[in-house]
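# Coordinate inspection notes
Here's the letter readout for the chains.
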Amino acid sequence: MSPSHYENGSCSNCKRENLPVRMYGTLVKLPEGGYGFGDRWLCDSCAPRLELIPQVKLIKGRLYKILCRNLKTGIYDGNGGFIGIREKLGSCYLFTEYHFDHGHIGTVRGMEDTGIQLPDGIPLETRLGSEDQITKRPVAFDRPVAEGGKGWFFTDTGEASEAIWPCAVGNMELFKFLKDHEAGGEGEK
Ligand SMILES: [Zn+2]
């Protein structure tokens, strides 16, 4: 399916308003090269840039603008995934969407390299394990006690406890990095 006719509107990528845009209704090869993906109105300067870069050419730790269901930007995790900030029902959290080549779960169909690289030292994970809500010590889960495992235990001592109240630890440094660059990345380049 080729892009629609031109209409005057705003570009869903660069957010510029009142300019000719075309809707890309599905994965299409663009006349300018690359691919575009739809339910998106894109201006002529954005559409060719948001091409489907082959997975092998992506750079781990690099921030990309992406065309997909739930994210606007994502950091490539080196393994087919882009980690970005998803907003749902008023809350924001780190979420991964996968490259289109990544089997049936692939939803990211276009991307543009921003040239921004995640600093070393910030882990490329949506979560950093779990901790006990009360003591704030790191915890992990073995097999269930009923199956001969020790259930939840403190990873610093190996001690199992039924009093552990496990809670996922968010990767706040990565969240902050994405938030800062999302806020600063709007508008003209
Ligand atoms: Zn645009």
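Keep in mind it's a predicted model, so treat the numbers as computed, not measured.

### Observations concerning the sheet that holds strand β13 (residues 138-141)
With respect to topology, four strands assemble into an open sheet ordered β14-β13-β12-β15, the strand pairing being antiparallel. Each of the sheet's edge strands pairs with one partner strand only, and the pair in question is β14 (152-154) and β15 (166-170). With direction set aside, neighbouring strand axes in the sheet form an average angle of 50°. As paired elements, β13 and β14 share three bridges and run antiparallel to each other. Note that in β14 the partner of Phe-141 across the bridge is Trp-152.

### Considerations on the confidence of the model for the chain
Chain-level statistics for the chain give a pLDDT mean of 85 and a share of 85% at 70 or above. Within the chain, no element has a lower average pLDDT than strand β3 (residues 28-29), which sits at 54, and none a higher one than β14, at 97. Between residues 185-189, whose pLDDT stays under 50, and residues either more than four places distant or in other chains, the model counts five contacts.

### Focus on the nonpolar core
Among the nonpolar cores identified, the biggest contains 25 residues, and Leu-42, Tyr-64, Ile-66, Ile-75, Phe-82 and Val-108 are the most heavily contacted of them. Elements that contribute at least two residues to this core include exactly β5 (40-43), β6 (62-67), β7 (73-76), β8 (81-88), β9 (91-99) and α1 (172-184). Here this core gets four residues from one element, more than from any other, and that element is β6. Residue-level mapping places this core at the junction of two domains, with at least three residues from each of domain 1 (1-51) and domain 2 (56-118 + 172-189). Not counting chain neighbours up to four residues away, the residues in contact with Val-108 comprise Ile-66, Leu-67, Cys-68, Phe-82, Glu-97, Tyr-98, His-99 and Phe-100.

Conventions adopted
Residues numbered from 1 in each chain as written. Predicted model: local features only at pLDDT ≥ 70, side-chain atom pairs only at ≥ 80, totals over all residues. Pairing = 2+ DSSP bridges. Helix = DSSP H or I, 4+ residues; strand = E, 2+ residues; numbered from the N terminus. Axes fitted to C-alpha atoms, helices over the stretch in contact; angles between N-to-C directions. pLDDT = per-residue confidence, 0-100. Contact = placed C-beta atoms within 7 Å. Core = buried A, V, L, I, M, F, W, Y, C linked by C-beta atoms within 7 Å. Buried ≥ 20, exposed ≤ 12 C-beta atoms within 10 Å, placed from the backbone. Domains from an automatic or database assignment.

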